[in-house]
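Tertiary structure, described
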Amino acid sequence: MYYKDQQPLIKQTLNELLESKIIEPILINNMPYFTSSSALNLLNDRLNKKQAKIISPFDNLLIQRQRASAIFEFDYLLECYVPKAKRIHGYFCLPILWDGNLVARADCKVDKLSKTLNVNHLHLEPKLKNKDAFFEALDKELHAFSIFNKCTSYVIHKVSDNTH
């Protein structure tokens, strides 16, 4: 669908949602965004920053790459669409959220015969602090991710440490 003449309708709808207090304007890194009031209330809840989460490349957190870059200073590209010779992080590299930041990327592939989740390459980002705590949290997440993918174990084959 082409949205050439939709700008006035979008502005009108945003204004109606603002007036009815269904959404609220917010600034993140001096960029304007809108959020639901209920989502804004979640900021009062404590996050378990000790829990690592493997993020789908199609998650709303990442789907708008410019926003992810602006908020998290994390440039992400799903490289399965990139020729193999030009890939940097791997065919299906998944970002990892920990301690409120995107701190690593895991290029994963399931071996169905051996029921093993292979982390072909784990890339650690420069903003990762406290690697011991991260790897403890990552172990739990990779175990859960293995079960989700019908695997009985996982193996990390290579780690690139860019945290220096």
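Note that the coordinates shown come from a computational prediction; the quantities given were computed from them, not determined experimentally.

1. A short note on the layout of surface pockets
- Of the pockets and cavities examined, the second largest pocket occupies roughly 230 Å³.
- In this structure, the second largest pocket is lined by 14 residues; those nearest its centre are Phe92, Leu94, Cys108, Phe145 and Asn149.
- Elements that contribute at least two residues to the lining of the second largest pocket include exactly strand 5 (101-111) and helix 5 (131-148).
- Sorting elements by how many residues they give to the lining of the second largest pocket places strand 5 first, with three residues.
- Here the residues of the lining of the second largest pocket are counted per class, giving eleven nonpolar, two polar and one charged.

2. What about the pairing of strand 1 (residues 23-28)?
- Looking at chain direction, strand 1 and strand 2 (residues 31-36) are connected through six bridges and run antiparallel. Bridge pairing links Ile23 to Ser36 in strand 2.
- Hairpin remark: strand 1 followed by strand 2, antiparallel, with two residues in the connecting loop; positive phi at Asn29, about 50°.

3. Considerations on the nonpolar core
- Ile96, Trp98, Ala104, Cys108, Leu122 and Phe134 are the most contacted members of the largest nonpolar core, which totals 20 residues.
- Those elements that provide at least two residues to this core are strand 4 (93-98), strand 5, strand 6 (116-124) and helix 5.
- Element by element, the count of residues in this core is highest for helix 5, at five residues.
- Sequence-distant contacts of Ile96, that is, excluding residues within four places in its chain, are made with Ala52, Lys53, Ile54, Asn101, Leu102, Val103, Ala104, Ala106, Leu122, Phe134 and Leu138.
- Ranked by size, the runner-up nonpolar core spans nine residues in total, among them Ile55, Leu62, Phe74 and Tyr76.

4. Comments concerning helix 1 (residues 7-19)
- An ideal rise of 1.5 Å per residue puts 18 Å on 13 residues; helix 1 measures up with 18 Å between its terminal C-alpha atoms.
- Phi for Lys21, located one or two positions after helix 1, is positive at around 60°.

5. Some words on helix 5
- With 18 residues, helix 5 extends 25 Å from end C-alpha to end C-alpha; this agrees with the ideal 26 Å at 1.5 Å per step.
- Residues of helix 5 that are buried: Phe134, Ala137, Leu138, Glu141, Leu142, Phe145 and Ser146.
- Packed against the buried residues of helix 5 are strand 3 (53-54), strand 4, strand 5, strand 6 and strand 7 (153-156).
- One or two residues past the end of helix 5 sits Lys150, with phi positive at roughly 60°.

Conventions we followed
- In every chain, residue numbers begin from 1 and rise along the written sequence.
- Totals for whole chains, interfaces and linings use every residue, but because this is a predicted model, local features are given only for residues with pLDDT of at least 70 and side-chain atom pairs only at 80 or more, for both listing and counting.
- The side-chain quantities take in all heavy atoms of the structure and omit both hydrogens and water.
- In this analysis, the protein atoms alone were mapped onto a 1 Å grid. Cavities are point sets where a 1.4 Å probe fits without being able to get out; pockets are open sets with protein on both sides within 12 Å along at least five of seven lines; lining residues have an atom within 4 Å of a point.
- Grid points are joined across faces, edges and corners, and a volume is the space filled by probe spheres set on the points.
- Numbering goes from the N terminus for both helices and strands, where a helix is a DSSP run of H or I of at least four residues and a strand is a run of E of at least two.
- Under the grouping applied here, Gly and all other residues not named as nonpolar or charged are polar, the nonpolar ones being Ala, Val, Leu, Ile, Met, Phe, Trp, Tyr, Cys and Pro and the charged ones Asp, Glu, Lys and Arg.
- The pairing criterion for strands is at least two bridges between them, as found by DSSP.
- Only buried residues count toward a nonpolar core, which is a set of Ala, Val, Leu, Ile, Met, Phe, Trp, Tyr and Cys residues joined through side-chain atoms within 4.5 Å.
- Note on classification: 1.4 Å probe, protein chains only; a residue is buried when its accessible area is under 20% of the maximum for its type, exposed when over 50%, partly exposed between these limits.
- In this description, contact between two residues means that some pair of their heavy atoms is separated by no more than 4.5 Å.
- One less than the number of residues in a helix, times 1.5 Å, gives the span that helix is expected to have.

By themselves, these observations are geometric and do not establish any function.
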